[in-house]
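# Working through the structure, step by step
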Amino acid sequence: MQPPASEHVLFQGSDFAEWASLNDTIMGGNSRAGCRSTTDGLLLEGQLVEAGGGFVSCRSPRLQPPLDLSPYSALQIDVDGEGRTLKIALGCRDGAMGLTELIPGGVRWVIDVPTQAEGTTRLTIPFSDLRPTIRAKPVGLPLKFDTGGITRLQVLHSKFGDAGALNPGFRPGEIRLLIRSIRALP
């Protein structure tokens, strides 16, 4: 298959309409943040509380059918990130007949990315740099990221980094992130 000649816009503006927040309250935390689609992109705002959890996020709905990004090599995300280190997490078909989805939270392919304190940061995330985790803990199993079967995208600010250690760029308190667009790059 020939690689595409240019980038492909996956989400921008109203394309984020079905995205929803997922915060640490699912595990007993106290963070309160919500996301909503605006003309500028997806806005995540609220209060991030470290005690008892320590994460807020926005995630896509489960993508059915899965998104086929096999002609592409990376994602490009434009985000106003307040100088925070964000975690980008993708779900995909696992090649194990869906068995990893039986694990609470499932396997997520993640990477930590720093943002600028002001303005919009353009993040480039090569698929080859994503690492498998389950609930912020690295997975040692020989799993393969399936670019032809992306089932979910998520942007988080968490006290845990992609390797399971503490995120040195974590900052509790008020949070306001604007995800302007997500594109697939050749």
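We now turn to the structure provided with this report.

Helix and strand content of the chain: zero helices and 13 strands. Counting from the amino terminus, the chain carries its helices and strands in the arrangement β-β-β-β-β-β-β-β-β-β-β-β-β. Overall, the chain is about 45 × 35 × 25 Å in size when its C-alpha atoms are taken along their principal axes. Buried positions account for 49% of the 186 residues belonging to the chain. Total accessible area on the chain is roughly 9,100 Å²; 53% of this is exposed by carbon and sulfur atoms.

Attention now moves to the side chain of D80. For D80, the location among the structural elements is in strand 6 (residues 74-80). Of note is the side chain of D80, whose polar atom sits 2.6 Å from the side chain of T120. Among the polar contacts listed, one links the side chain of D80 to the side chain of R180, at a separation of 2.9 Å.

Mapped onto the elements of the fold, V9 is located in strand 1 (residues 8-12). Taking the C-alpha atoms as reference, V9 lies 6.5 Å from A184; in sequence the two are 175 residues apart. If sequence neighbours within four positions are ignored, V9 has contacts with I182 and R183.

Hydrogen bonds along the backbone pair up the strands of a sheet, which may run parallel or antiparallel. Pairing is antiparallel across the open sheet formed by seven strands, whose spatial order is 2-5-12-7-8-10-11. Only two strands of the sheet have a single neighbouring strand rather than two, namely strand 2 (20-21) and strand 11 (137-138). As paired elements, strand 7 (residues 85-92) and strand 12 (residues 150-158) share six bridges and run antiparallel to each other. Its bridge partner being in strand 12, I88 is matched across the sheet by V155.

Our focus in this paragraph is the nonpolar core. Judged by nonpolar contacts, the single largest core of 39 residues is most densely connected at L75, L90, I125, L153 and I182. Here this core gets five residues from one element, more than from any other, and that element is strand 13 (residues 173-185). When sequence neighbours within four positions are dropped, the list of residues in contact with L75 reads L10, L69, L90, L123, T124, I125, F127, L153, I182, R183, A184 and L185.

Calculation criteria
Residues numbered from 1 in each chain as written. Predicted model: local features only at pLDDT ≥ 70, side-chain atom pairs only at ≥ 80, totals over all residues. Heavy atoms only, no water. Helix = DSSP H or I, 4+ residues; strand = E, 2+ residues; numbered from the N terminus. Buried < 20%, exposed > 50% of the residue type's maximum accessible area, 1.4 Å probe, protein only. Areas by Shrake-Rupley, 256 points an atom, 1.4 Å probe, with all protein chains shown as cover. Polar contact = N/O pair within 3.5 Å; in protein donor to acceptor, adjacent residues only side chain to side chain. Contact = heavy atoms within 4.5 Å. Pairing = 2+ DSSP bridges. Core = buried A, V, L, I, M, F, W, Y, C linked by side-chain atoms within 4.5 Å.

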